[in-house]
Amino acid sequence: MAYGEEIDIRDVIDTLENKMLSASDMNEEKTVNLEELMTQSIDLIDNGYKNGGQLLGETTGYKLLDNAINGFVKGDLCIIAARPSMGKTALSMEMLNKLPPGKKGLIFEMEMSKGKLGIRMLAPRTYINSQDLSKGLIKDTDFSVIQKEAGKMANKNNVFINCRTGLSVSEIKAEAKKIKIQNGLDVIFVDHIGKVRPDNPKATKNDQIGQISEEFKNMAMDLDICCVVLSQLNREVEKRTDKHPIMSDLRNSGCIEQDADEILMLYRDDYYAEREGRKSIRPGLLEVLVAKNKDGNVGAIKLYYNTNYQIISDRPILY
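Residues numbered from 1 in each chain as written. Predicted model: local features only at pLDDT ≥ 70, side-chain atom pairs only at ≥ 80, totals over all residues. Heavy atoms only, no water.

A.B. asks: Just give me the short version of the packing of helix H8 (residues 169-183) against helix H9 (residues 205-223), but keep the residues and values in it.
C.D. replies: It is the contact of H8 with H9, at a shortest axis distance of 10 Å, that shows an interaxial angle of 15 degrees. When the axis of H8 is compared with that of H9, the two are roughly parallel. Classified by chirality, the crossing of H9 by H8 is right-handed. Contact with H8, carried on its side by Val169, Ile172, Lys173, Ala176, Lys177 and Lys180, involves Ile212, Glu215, Phe216, Met219, Asp222 and Leu223 of H9 and no other residues of that element. (Axes fitted to C-alpha atoms, helices over the stretch in contact; angles between N-to-C directions. Helix = DSSP H or I, 4+ residues; strand = E, 2+ residues; numbered from the N terminus. Parallel < 35°, antiparallel > 145°, perpendicular 65-115°, else oblique. Left-handed = near helix turned anticlockwise from the far one by under 90°. Contact = heavy atoms within 4.5 Å.)

Rendered as structure tokens:
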């Protein structure tokens, strides 16, 4: 291939990586007949029965959310969408923090440095304000807590971080392939879809986002991982009296609705209460609106967001 005329070296690398994936222990998807399909389906049902109705995917870290969407299912594209400062990145950090030992996660963070990302992951574990951590505004006694929690995370060693900006989906896939081959991989997070470099910069924004979301879905299937992609919402939600988001608020493309297996939309009343100068009717409440769920019901799930420490939990935490 390398000696061929007008060859793109990225195509050569992609071909080699695909061959390496096929040669590894991963299951290459193949055509099956109905007998094989039914055997696999019965095995899946029986395995769930023996394990008391176990999740199909990896845990999100939140029991109610797991029950709703069956965890992070391999092959699925899960979209987490919200207006800025609503808690998208905080939720993804908490989900990575809660990933069980032995399960591997990868995050492509295109809006902050590795150092700041690490601080965002440490804040909820140390109960120290993330801005204070960034500035070093801590007590002498805090150092032992910080070192202890950092050591726990280092020993767990199951999350990989990439903070390069302007990556294309093909570049994200290449990095995910490498991690999967070398270490195994269960779920990736991308923050966020609007920062992913499109293959065709001359296309409309709608077409660009549509192509990117389709490629992420294909990547989830090809690599047998769950792709969790963060997305912003357009400003239409700000014009309504009821600012709970709906799927048509997804920025730039209705194609995301089509490609995604699950769409989770975030809403906090206290965010709008602060902006509007009123008292929040639901202080600390983070509503996770399951707007699309291919294998389950839609509806709202209540989580609790302590913005001071970037903690998102199943129940209120007072610190």
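More follows now that the structure is in view.
A.B. asks: Which residues make up the pairing of strand S8 (residues 299-306), and what values go with them?
C.D. replies: For a regular strand, the rule is simple: side chains alternate between the two faces of the sheet. Where strand S7 (residues 285-293) lies against S8, six bridges are found, and the strand directions are antiparallel. Opposite Glu287, over in S8, you have Lys302 as the bridge partner. Between S7 and S8, which pair antiparallel in sequence order, lie five residues. In this sheet, strand S9 (residues 311-313) lies alongside S8 in antiparallel orientation, the contact comprising three bridges. Following the sheet pairing, Tyr305 is matched in S9 by Ile312. Where S8 folds back on S9, the antiparallel hairpin that results is connected by four residues, among which Gln310 adopts a positive phi of roughly 60 degrees. (Pairing = 2+ DSSP bridges.)

A.B. asks: Summarise the sheet that holds strand S6 (residues 262-267); cite the residues concerned and give the values.
C.D. replies: Strand order across the open sheet formed by nine strands is S3-S2-S4-S5-S1-S6-S7-S8-S9, with mixed pairing between neighbours. In this open sheet, the two strands that pair with only one neighbour each are strand S3 (159-162) and S9. Direction aside, neighbouring strands of the sheet carry axes that sit 25 degrees apart on average.

A.B. asks: Residue-level account of helix H4 (residues 88-97), with values.
C.D. replies: Of all the 10 residues making up H4, 10 are buried; the element is thus mostly covered by neighbouring parts of the structure. Listing the buried residues of H4 in full gives Lys88, Thr89, Ala90, Leu91, Ser92, Met93, Glu94, Met95, Leu96 and Asn97. (Buried < 20%, exposed > 50% of the residue type's maximum accessible area, 1.4 Å probe, protein only.)

A.B. asks: I'd like a description of the pattern of salt bridges, backed by residues and values.
C.D. replies: Between side chains of opposite charge, a pair can form as their charged atoms come close. Overall, the coordinates contain 19 salt bridges when judged by the stated rule. For the salt bridge of Glu171 with Arg197, the shortest nitrogen-to-oxygen distance reads 3.2 Å. Placement of the pair is Glu171 in helix H8 and Arg197 in the loop between strand S4 (187-191) and H9, with a sequence separation of 26 residues. The exposure class of Glu171 is partly exposed, given its relative accessible area of 26%. Under the relative-accessibility criterion, Arg197 is labelled partly exposed at 36%. We note a salt bridge from Lys217 to Asp261, for which the minimum N-O separation is 2.8 Å. Placement of the pair is Lys217 in helix H9 and Asp261 in the loop between helix H10 (255-259) and S6, with a sequence separation of 44 residues. Look at Lys217 and you get buried, because its relative accessible area is 16%. In this structure, a network of salt bridges that share partners links the residues Asp76, Lys217, Asp261 and Lys294. (Salt bridge = Lys/Arg side-chain N within 4 Å of Asp/Glu carboxyl O.)

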